[in-house]
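# Reading the structure
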Amino acid sequence: MRGNSAKVCEAIDAFARSHTGLVNIGELKGAIVTDLIAKHKPSVMLELGGYIGYSAILFRNALRQVGGKRFLSVEKNPLFAAVAASLIDLAGLRDTVRVVVGTGAEGIRRLHAEGSLGTQVDMVFFDHHKPSYTHDLKLCERLGLVGKGTVLVADNMILPGNPKYAAYVRASVGEKQQMAAGGEEVGNPNLQYVSRFVQNYEPSGDQDAVEITECTGIAA
Ligand SMILES: C[S@@+](CC[C@H](N)C(=O)[O-])C[C@H]1O[C@@H](n2cnc3c(N)ncnc32)[C@H](O)[C@@H]1O
């Protein structure tokens, strides 16, 4: 298994089938994201909510196949982050996957300040504290990290669901300007998004969905 990321993911999938309690994205929803990586060929990908490293290993492997450079995973819980780092090492991906311990917002600020995200982030995977998705997206927007071509992927849009995030990424520029004028936290309302809801299943067999949002431009 050492050095073989596919085998590490298979072992986690097998464990998830026979035990309850694991909250990794799993094979079916994971394939939606690896297909997106194959299509968009991101160079740098940011993940918020690393857990034990399953998605980092799966997505970094897909990223490597399209010539991507770096995978950055932010995880709040230091124990999960340590397990992730150890499984990432087992998968042979230690050199190109970085696990950052902290909240999504802390990780974004730290990685941005040191230049690790570049001028614009290619793909962001939201899979952490559900109420923080919108706040952390707006933080990325304010820092200028979201631009034309950025792809946002948000997990758990049914289980448990995230109406606030869905409303924000599906809103028009005019609607977002109104939200901002109404006192909501402001990101960059001028970013134009095209968003779709894609359903599949959790490792438990329960139906869930991801929201895939592409930034198609910035309104003048
Ligand atoms: C659903 S799990 C992530 C699963 C992982 N992406 C996978 O598919 O293998 C959610 C993770 O987010 C972490 N988390 C919760 N709140 C967070 C926050 N505010 N910032 C960063 N991580 C957070 C949790 O500790 C947990 O490990």
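Structure: see above.
Residues numbered from 1 in each chain as written. Predicted model: local features only at pLDDT ≥ 70, side-chain atom pairs only at ≥ 80, totals over all residues. Heavy atoms only, no water.

All right, on to the site of the ligand then. Taken together, 20 residues form the shell around the ligand, and within it Ile25, Gly49, Ser55, Glu75 and Asp127 come nearest. Tyrosine 51 places a polar main-chain atom, nitrogen or oxygen, 3.4 Å from an oxygen atom of the ligand. Within the backbone of lysine 76, an N or O atom sits 3.3 Å from a nitrogen atom of the ligand. In the complex, the protein chains occlude 88% of the 610 Å² of accessible area that the ligand would expose alone. For the ligand, the cavity whose grid points lie within 2 Å of the majority of its atoms is the largest pocket. Residues that form the shell around the ligand fall into these classes: six nonpolar, 10 polar and four charged. (Near = heavy atom within 4 Å. Polar contact = N/O pair within 3.5 Å; in protein donor to acceptor, adjacent residues only side chain to side chain. Areas by Shrake-Rupley, 256 points an atom, 1.4 Å probe, with all protein chains shown as cover. 1 Å grid on protein atoms, 1.4 Å probe; cavity = no way out; pocket = protein on both sides within 12 Å on 5 of 7 lines; lining within 4 Å. Sits in = over half its atoms within 2 Å of the grid points. Nonpolar A, V, L, I, M, F, W, Y, C, P; charged D, E, K, R; others polar.)

Let's shift gears to the pattern of salt bridges. Note on pairing: side chains with opposite charge can pair once their charged atoms come close. Tallied over the entire structure, the rule returns 11 salt bridges. Among the salt bridges present, the one from arginine 142 reaches glutamate 185, with a minimum N-O distance of 3.1 Å. Note that arginine 142 is positioned in helix H6 (residues 132–142) and glutamate 185 in the loop between helix H9 (173–181) and strand E6 (191–201), a separation of 43 residues in sequence. Exposure remark for arginine 142: the relative accessible area of 40% places this residue in the partly exposed category. When its relative accessible area of 33% is taken as the criterion, glutamate 185 is described as partly exposed. A single salt-bridge network, built from bridges that share partners, covers Lys29, Asp155, Glu202 and Asp208. (Salt bridge = Lys/Arg side-chain N within 4 Å of Asp/Glu carboxyl O. Helix = DSSP H or I, 4+ residues; strand = E, 2+ residues; numbered from the N terminus. Buried < 20%, exposed > 50% of the residue type's maximum accessible area, 1.4 Å probe, protein only.)

The next point concerns the packing of helix H2 (residues 26–40) against helix H3 (residues 54–65). Axis separation between H2 and H3 bottoms out at 9 Å; the angle between their running directions is 35°. Regarding H2 and H3, the two cross each other, and that crossing is right-handed. Facing Gly26, Glu27, Gly30, Val33, Thr34 and Ile37 of H2, the residues of H3 in contact are Tyr54, Leu58, Phe59, Ala62 and Leu63. Here the contact of H2 with H3 is composed, by residue class, of seven nonpolar, three polar and one charged. (Axes fitted to C-alpha atoms, helices over the stretch in contact; angles between N-to-C directions. Left-handed = near helix turned anticlockwise from the far one by under 90°. Contact = heavy atoms within 4.5 Å.)

In this section: the layout of surface pockets. The space that makes up the largest pocket amounts to roughly 470 Å³. Surrounding the largest pocket, 26 residues form its lining, Gly49, Glu75, Asp127, His128 and His129 being those nearest its centre. Residues of the lining of the largest pocket, tallied by class, amount to seven nonpolar, 11 polar and eight charged. Approximately 190 Å³ is the volume found for the second largest pocket. (Points joined across faces, edges and corners; volume = space filled by probe spheres on them.)

The pairing of strands in a sheet happens through backbone hydrogen bonds and is either parallel or antiparallel. The strand order across the open sheet formed by seven strands is E3-E2-E1-E4-E5-E7-E6, and the pairing between neighbours is mixed. Each of the sheet's edge strands pairs with one partner strand only, and the pair in question is strand E3 (97–101) and E6. Across the sheet, the mean angle separating the axes of adjacent strands is 15° when strand polarity is ignored. Alignment of strand E5 (residues 151–154) against strand E7 (residues 207–218), held across four bridges, turns out to be antiparallel. If you follow alanine 154 over to E7, its bridge partner there is glutamate 211. (Pairing = 2+ DSSP bridges.)

A few words now on the packing of helix H1 (residues 5–18) against H3. For any two helices packed against each other, one specifies the crossing angle of their axes together with the interaxial distance. Between H1 and H3, the least distance of the axes is 10 Å, while the angle of their chain directions is 150°. By the angle between their directions, the pair H1 and H3 is classed as roughly antiparallel. When you trace H1 past H3, the crossing you get is left-handed. Residues Ser5, Val8, Cys9, Ile12 and Asp13 of H1 pack against Tyr54, Ile57, Leu58, Asn61 and Arg64 of H3. In terms of residue class, the contact of H1 with H3 is built from six nonpolar, two polar and two charged. (Parallel < 35°, antiparallel > 145°, perpendicular 65-115°, else oblique.)

Here glutamate 47 is to be found in strand E1 (residues 44–48). The buried charged residue glutamate 47 lacks any salt bridge, with lysine 130 as its nearest oppositely charged partner at 11 Å. A polar contact is formed between the side chain of glutamate 47 and the side chain of serine 73, at a distance of 2.6 Å. (Lys, Arg positive; Asp, Glu negative; His and termini not counted.)

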